[in-house]
Amino acid sequence: MLDIDIKKKLKEQNFILNKDIFCSQNENEYTQNFGKQWKDFSKTQIDEFNNFSISKELLDGLVFNEYNNLRDKVILEVGCGSGRFTQYLSKIAKLLVTNDMSDAIFFNQYLSQPNVIGIKSDFNKIKKLNIKFDIIICRGVLQHTPNPYNSILSLYELCDINGSIYFDIYKKPKLKLISPKYLWRKILKNQSYENVHSFLEKYIDKFLYFRRKLNSILKVNLNYFWDYFFPIYDYKYQLPLNDKQLREWAILDTLDGLVTKYDIPLSKKEIQKFLEKKNIEINRFNGKYHSFKIIKK
């Protein structure tokens with residue numbers, strides 16, 4: 001059986017079994033803060049625990065609602081985190097190999113499913129297993145790797161012939177040099193995750209209150225302007241979240257925006273130009289999610 005074959009190959013490649021997760025050694029590098037994030041917010045974005053379908057709708061957009069293409073397939077999920085998409089992929093996959101380089105995978109809620117194998121490693125190391133996947137899903141990862149172009153090629157190499165790769169990447173802002181998030185990241189580059197998290201826990205309510213109050217008085221959403229004073233992700237009126245959930249998401253995504261080591265957004269044009277040089281065709285594109293589908297030829 002394929003799951004037994006994969007587990008055998010993982011052991012042969014000296015992956016260590018830890019809490020039923022196959023782990024490569026000494027691999028946190030630039031992903032330590034993600035592990036801390038998902039430990040602190042392990043259930044924040046998971047539909048099952050929050051009475052919403054936000055993650056399901058996001059997954060729908062990422063895979064272009066092509067669930068029949070995913071059903072009963074061998075799927076590789078890259079960047080699984082605490083399981084917001086693993087929840088759904090584990091229900092339709094024949095076998096789901098779910099991967100994360102950070103300790104976030106230890107807080108994934110769905111690794112106990114019989115058709116799921118968890119691997120903690122740089123996903124490039126999975127290539128050493130010489131296993132090809134029918135479907136590869138990579139959401140929220142590529143911009144946080146040292147070289148997104150090389151990472152896209154690695155996804156392509158891991159995919160089987162006629163298989164499908166679904167991925168997204170942060171859309172490159174027109175004025176990245178003066179974008180609030182990137183300016184503040186330079187200011188906070190020497191601050192630890194713990195310091196920024198503590199600061200947000202202490203002041204997030206005041207930030208949200210005054211931003212919303214001023215927007216209401218001025219009758220215009222000026223959040224981009226307020227972000228120059230301090231960038232906060234506020235999803236009020238954007239996502240169906242209650243006040244407690246809005247607070248958690250604000251802290252979680254603000255941390256994600258400020259304390260990551262790499263953040264390399266790319267435009268569709270840049271990705272298309274790169275892939276054309278490699279004779280790789282983009283089969284579908286979703287501008288809303290800045291997501292792509294590639295069928296391996």
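Up top is the structure.
Residues numbered from 1 in each chain as written. Predicted model: local features only at pLDDT ≥ 70, side-chain atom pairs only at ≥ 80, totals over all residues. Heavy atoms only, no water.

A. Spotlight on the packing of helix α8 (residues 180–187) against helix α11 (residues 243–258). Taken N-terminus to C-terminus, the directions of α8 and α11 make an angle of 70 degrees; their axes are 9 Å apart at the nearest point. It follows from the interaxial angle that α8 and α11 lie roughly perpendicular. Only Asp 256, Gly 257 and Leu 258 of α11 make contact with α8, whose side of the interface consists of Lys 181, Trp 184 and Arg 185. Broken down by class, the residue content of the contact of α8 with α11 amounts to 2 nonpolar, 1 polar and 3 charged. (Axes fitted to C-alpha atoms, helices over the stretch in contact; angles between N-to-C directions. Helix = DSSP H or I, 4+ residues; strand = E, 2+ residues; numbered from the N terminus. Parallel < 35°, antiparallel > 145°, perpendicular 65-115°, else oblique. Contact = heavy atoms within 4.5 Å. Nonpolar A, V, L, I, M, F, W, Y, C, P; charged D, E, K, R; others polar.)

B. Quick peek at the pairing of strand β4 (residues 95–100). Among the 6 residues that make up β4, 6 are buried, leaving the element largely enclosed by the rest of the structure. Here β4 shows a buried face lined by Leu 95, Val 97 and Asn 99 and a second buried face lined by Leu 96, Thr 98 and Asp 100. Inspection of the sheet shows strand β3 (residues 74–78) paired to β4 by 5 bridges, in the parallel sense. Residue pairing for β4: Ile 75 is matched across the bridge by Leu 96. In this fold, β3 hands off to helix α6 (residues 86–92), which returns the chain to β4; that crossover is right-handed. In the sheet, β4 pairs with strand β5 (residues 116–120) via 5 bridges, with the strands oriented parallel. For Asp 100, the partnering residue across the bridge sits in β5 and is Lys 120. (Buried < 20%, exposed > 50% of the residue type's maximum accessible area, 1.4 Å probe, protein only. Pairing = 2+ DSSP bridges. Right-handed = clockwise from strand over helix to strand, strands pointing away.)

C. Focus on the sheet that holds strand β8 (residues 284–286). Reading across from one edge, β1-β2-β5-β4-β3-β6-β7-β9-β8 is the order of the 9 strands in this open sheet, with mixed pairing throughout. The two strands at the open ends of the sheet, each matched to only one other strand, are β1 (16–18) and β8. Ignoring which end each strand starts from, the neighbouring axes of this sheet average 20 degrees apart. Alignment of β3 against strand β6 (residues 133–138), held across 4 bridges, turns out to be parallel. Considered in β6, the bridge of Ile 75 is made with Ile 135. Of the strands in this sheet, β2 (21–23), β3, β4 and β5 are in contact with helix α1 (residues 2–12), which crosses β5 at around 20 degrees.

D. Structural context of unusual backbone geometry. With a phi angle near 70 degrees, Asn 162 is a residue other than glycine that sits in the positive phi range. When you line up the elements, Asn 162 lands in strand β7 (residues 159–168). The phi angle at Asn 279 is positive, at roughly 60 degrees, despite the residue not being glycine. Take Asn 279: it is sitting in the loop between α12 (268–277) and β8.

E. Here's a closer look at the pairing of strand β9 (residues 291–295). Counting buried positions over the 5 residues of β9 gives 4, a clear majority of the element. Sheet analysis places β7 next to β9, joined by 5 bridges and oriented antiparallel. If you follow Tyr 166 over to β9, its bridge partner there is Lys 293. Note that β8 and β9 share 3 bridges and pair antiparallel. For Asn 286, the partnering residue across the bridge sits in β9 and is Ser 291. As consecutive antiparallel partners, β8 and β9 are separated by 4 residues, and within that stretch His 290 has a phi angle of approximately 50 degrees, a positive value.

F. How the structure looks around the packing of helix α2 (residues 32–40) against helix α9 (residues 193–218). Interaxial distance between α2 and α9 falls to 11 Å at its minimum, and their mutual angle equals 35 degrees. Both α2 and α9 take part in a crossing whose hand is right-handed. Facing Asn 33, Lys 36, Gln 37 and Asp 40 of α2, the residues of α9 in contact are Tyr 193, Glu 194 and His 197. In terms of residue class, the contact of α2 with α9 is built from 1 nonpolar, 3 polar and 3 charged. (Left-handed = near helix turned anticlockwise from the far one by under 90°.)

G. Representation of the pattern of salt bridges. Enumeration according to the criterion identifies 16 salt bridges in this entry. Notably, a salt bridge pairs Lys 9 with Asp 5, separated by 3.8 Å at the nearest N-O pair. Linking Lys 9 with Asp 5, this pair stays in helix α1, spanning 4 residues, or about one helical turn. Between Glu 66 and Arg 284 there is a salt bridge, with its nearest N and O atoms 2.9 Å apart. Taken as a pair, Glu 66 in the loop between α4 (54–62) and α5 (67–70) and Arg 284 in strand β8 lie far apart in primary sequence, 218 residues in all. When its relative accessible area of 16% is taken as the criterion, Glu 66 is described as buried. (Salt bridge = Lys/Arg side-chain N within 4 Å of Asp/Glu carboxyl O.)

H. Region of interest: α11. The end-to-end C-alpha separation of α11 is 22 Å, in line with the 22 Å expected for 16 residues at 1.5 Å each. For α11, the full list of buried residues reads Gln 245, Leu 246, Trp 249, Ala 250, Ile 251, Leu 252, Asp 253, Thr 254, Leu 255, Asp 256, Gly 257 and Leu 258. Looking at the buried residues of α11, the elements they touch are α2, α3 (47–50), α4, α8 and α9. Of the residues flanking the start of α11, the one acting as N-cap is Asn 242, its side-chain oxygen 3.1 Å from the backbone nitrogen of Lys 244. (Expected span 1.5 Å × (residues − 1). Polar contact = N/O pair within 3.5 Å; in protein donor to acceptor, adjacent residues only side chain to side chain.)

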